[in-house]
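Residue strings, one per chain:
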Amino acid sequence: MDTTAPVVGAQLLTDDQRKCWNENGYLHLRGVLDPTEVTELLDRLQRLRADIEAADGKQEYWRDVFDAGNDRDLSLNNALRWCPGIEKLIDHRRVLGAVLGLMGPYIQCVGSEIYMRYAGVDPLFDFHTDLGPSLRAVDSADRVIQLKAQFFLTDVLEPDSGNFAVAPGSHRHDFPGKISYGLVNNRLQILAAAGDVVLFPLSLGHGVAPNQHGGIRYSVILRYGQMFCRPVDYWTRPPDAIMDRLSARQRRMLGDLGGLTRPGDFYGIIPDQLDLMYGEEFGGSPEAQADFAQFERLLNATPYEHPGPARGGCQDVP
């Protein structure tokens, strides 16, 4: 029996998971990908790395490359472009429920990244958040604005193996934009097996530990945002070469609203959004049922009666 599959009618997030997220700022989901899924993606990324390293600086490959500036990693934006198969992770049934529980159903996949971490004695990345000034001042206790899901394709079961490292609880304390790895006293290295996934908000302080045990650590990150957030990998939607291999829900999560889409449509009522996002897997959850009920109230809204200003109304302040 697949104990990690969604249970009809179950909560998208358990009370313990929500508490962990609120207090620590991340969720570690174990055994999300099965061995076959891990092997297939890892093989494709290893072949991609060989192709890039043999390309000798061709712009075709290097325009999406970003790294730590120390020749100890190879990281790429636009992962969906570079590695067919990653699109299956967008709405993976063992991850999407938790994402919907944290963010709600009005979301999109705004970015995708590939990480290849080489061996080295020093920390690969200083601690930082993924927030610019526009998001740093935004906070939503009920529904997350943006989060990332890191899919691990190689084991990092020992410390100092190129682990993803976090400062638990820092998402609630205005973590500095960037700080030296060694100056974060409460840092925690995540010990993850191939197939595990870690969800974290962009406001969480995080870095990358040294990789002192050799080998290359591979992982993929998907970045989810509310529908009003601007995509990172593309302007309006990915090229047809990517979209043509996606399911209807995956296409929606990459900006395809169907028909002729205008920018303003992302802010309005999309009739099939809840059906498409929750699907049969998650439609029976309490969270989904609450969203469906709210949508019905929106469609059948009665005239709004303003309760009136507070006693005395608004007054000029001398």
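Residues numbered from 1 in each chain as written. Predicted model: local features only at pLDDT ≥ 70, side-chain atom pairs only at ≥ 80, totals over all residues. Heavy atoms only, no water.

Engineer: Sorry if this is basic, but what is going on with the overall build of the protein here?
Structural biologist: In terms of regular secondary structure, the protein is built from 10 helices and 12 strands. Relative to its full complement of 318 residues, the protein shows a buried share of 49%. A fraction of 84% describes how many contacts in the protein between residues 6 or more apart in sequence connect residues 24 or more apart. For the protein, the computed accessible surface area is about 16,500 Å², with 51% contributed by carbon and sulfur atoms. (Helix = DSSP H or I, 4+ residues; strand = E, 2+ residues; numbered from the N terminus. Buried < 20%, exposed > 50% of the residue type's maximum accessible area, 1.4 Å probe, protein only. Contact = heavy atoms within 4.5 Å. Areas by Shrake-Rupley, 256 points an atom, 1.4 Å probe, with all protein chains shown as cover.)

Engineer: Got a minute to help me understand the sheet that holds strand β12 (residues 217–226) in this structure?
Structural biologist: What links the strands of a sheet is backbone hydrogen bonding, and the strands pair in either a parallel or an antiparallel sense. Pairing is antiparallel across the open sheet formed by 7 strands, whose spatial order is β1-β10-β6-β12-β4-β3-β2. Edge positions in the open sheet fall to β1 (27–29) and β2 (65–66), since each of these has one partner strand only. (Pairing = 2+ DSSP bridges.)

Engineer: Can you help me understand the pattern of salt bridges in this one?
Structural biologist: It is possible for side chains of opposite charge to pair when their charged atoms get near one another. As enumerated under the stated definition, the model contains 13 salt bridges in all. A salt bridge links R245 to E87; its shortest N-O distance comes to 3.0 Å. Of this pair, R245 sits in the loop between α7 (240–243) and α8 (248–253) while E87 sits in the loop between α4 (79–82) and α5 (93–103), placing them 158 residues apart in sequence. Judged by relative accessible area, which is 29%, R245 ranks as partly exposed. The salt bridge partner of D256 is R251, with a shortest N-O separation of 2.8 Å. With a relative accessible area of 14%, D256 lands in the buried category. (Salt bridge = Lys/Arg side-chain N within 4 Å of Asp/Glu carboxyl O.)

Engineer: Even after reading the chapter, I still don't get the side chain of D256, so can you show me in this structure?
Structural biologist: Examined against the element boundaries, D256 turns out to sit in the loop between α8 and α9 (273–282). For D256, the side chain forms a polar contact with the main-chain nitrogen of G258, separated by 2.9 Å. Those residues in contact with D256, other than ones at most four positions away along the chain, are R237, M243 and R251. (Polar contact = N/O pair within 3.5 Å; in protein donor to acceptor, adjacent residues only side chain to side chain.)

Engineer: Sorry, what's going on with the packing of aromatic side chains here?
Structural biologist: Here a ring pair, both rings aromatic, is described through the centre-centre distance and the interplanar angle of the planes. Evaluation of the coordinates by the stated rule reveals 4 aromatic pairs. An angle of 40° between the planes, with centres 4.8 Å apart, marks the rings of F164 and F200 as tilted. With F164 in strand β7 (residues 164–166) and F200 in strand β10 (residues 197–201), this pair connects stretches of sequence that are 36 residues apart. A relative accessible area of 4% places F164 in the buried class. Note on Y278 and F292: the rings are 6.1 Å apart at their centroids and 45° apart in plane angle, and the pair reads as tilted. With Y278 in helix α9 and F292 in helix α10 (residues 286–299), this pair connects stretches of sequence that are 14 residues apart. Judged by its relative accessible area of 24%, F292 falls in the partly exposed class. When the ring centre of W82 is taken as origin, the NZ or CZ atom of R81, which lies over that ring, is 4.3 Å away. Taking NZ or CZ as reference, R117 lies 4.1 Å from the ring centre of Y115, over its face. (Phe/Tyr/Trp six-rings, centres within 6.5 Å; stacked < 30°, edge-to-face > 60°. Lys NZ or Arg CZ within 6 Å of the ring centre and 35° of its normal.)

Engineer: It is not clear to me how the pairing of strand β5 (residues 125–128) should be interpreted in this structure. Could you clarify?
Structural biologist: Examined bridge by bridge, β5 and strand β11 (residues 206–208) share 2 bridges and lie antiparallel to one another. Residue H128 lies in a different strand from β11, and its bridge partner there is H206. Where β5 meets strand β8 (residues 178–179), 2 bridges bridge the pair, whose relative direction is antiparallel. Paired with F127 across the two strands is I179, which belongs to β8.

Engineer: Is there a simple way to explain a nonpolar patch on the surface in this structure?
Structural biologist: A cluster of nonpolar side chains, I269, L298 and L299, forms an exposed patch at the surface whose accessible area comes to about 290 Å². Within the secondary structure layout, L298 lies in helix α10. (Patch = residues over 30% accessible without salt bridge, like charges linked within 9 Å, V, L, I, M, F, W, Y side chains within 5 Å.)

Engineer: Quick question: what am I supposed to make of the packing of α5 against α9 here?
Structural biologist: Helix-helix packing is described using two parameters, namely the angle between the two axes and the distance between the axes. Put simply, α5 and α9 touch, their axes get as near as 11 Å, and they point 120° apart. Put simply, α5 runs oblique to α9. In the crossing of α5 with α9, the sense of the turn from one axis to the other is left-handed. Where α5 abuts α9, its residues R93, L96, G97 and L100 lie against M277, Y278 and F282. Of the residues contributing to the contact of α5 with α9, the split by class is 5 nonpolar, 1 polar and 1 charged. (Axes fitted to C-alpha atoms, helices over the stretch in contact; angles between N-to-C directions. Parallel < 35°, antiparallel > 145°, perpendicular 65-115°, else oblique. Left-handed = near helix turned anticlockwise from the far one by under 90°. Nonpolar A, V, L, I, M, F, W, Y, C, P; charged D, E, K, R; others polar.)

Engineer: Even after reading the chapter, I still don't get helix α2 (residues 35–54), so can you show me in this structure?
Structural biologist: An α-helical turn contains 3.6 residues, so any two residues separated by three or four positions project in the same direction. Along its 20 residues, α2 runs 29 Å from first to last C-alpha, staying within 8% of the 28 Å computed at 1.5 Å per residue. Looking only at α2, the buried set comprises V38, L41, L42, L45, L48, R49 and I52. Along the long axis of α2, the arc covered by the buried residues comes to 125°, so they all point the same way. The exposed set on the far side of α2, more than 90 degrees from its buried face, consists of P35, T36, T39 and A54. Two or three places before T36, at the start of α2, stands the capping residue D34, its side-chain oxygen 3.0 Å from that residue's backbone nitrogen. (Expected span 1.5 Å × (residues − 1). Arc of directions from axis to C-beta.)

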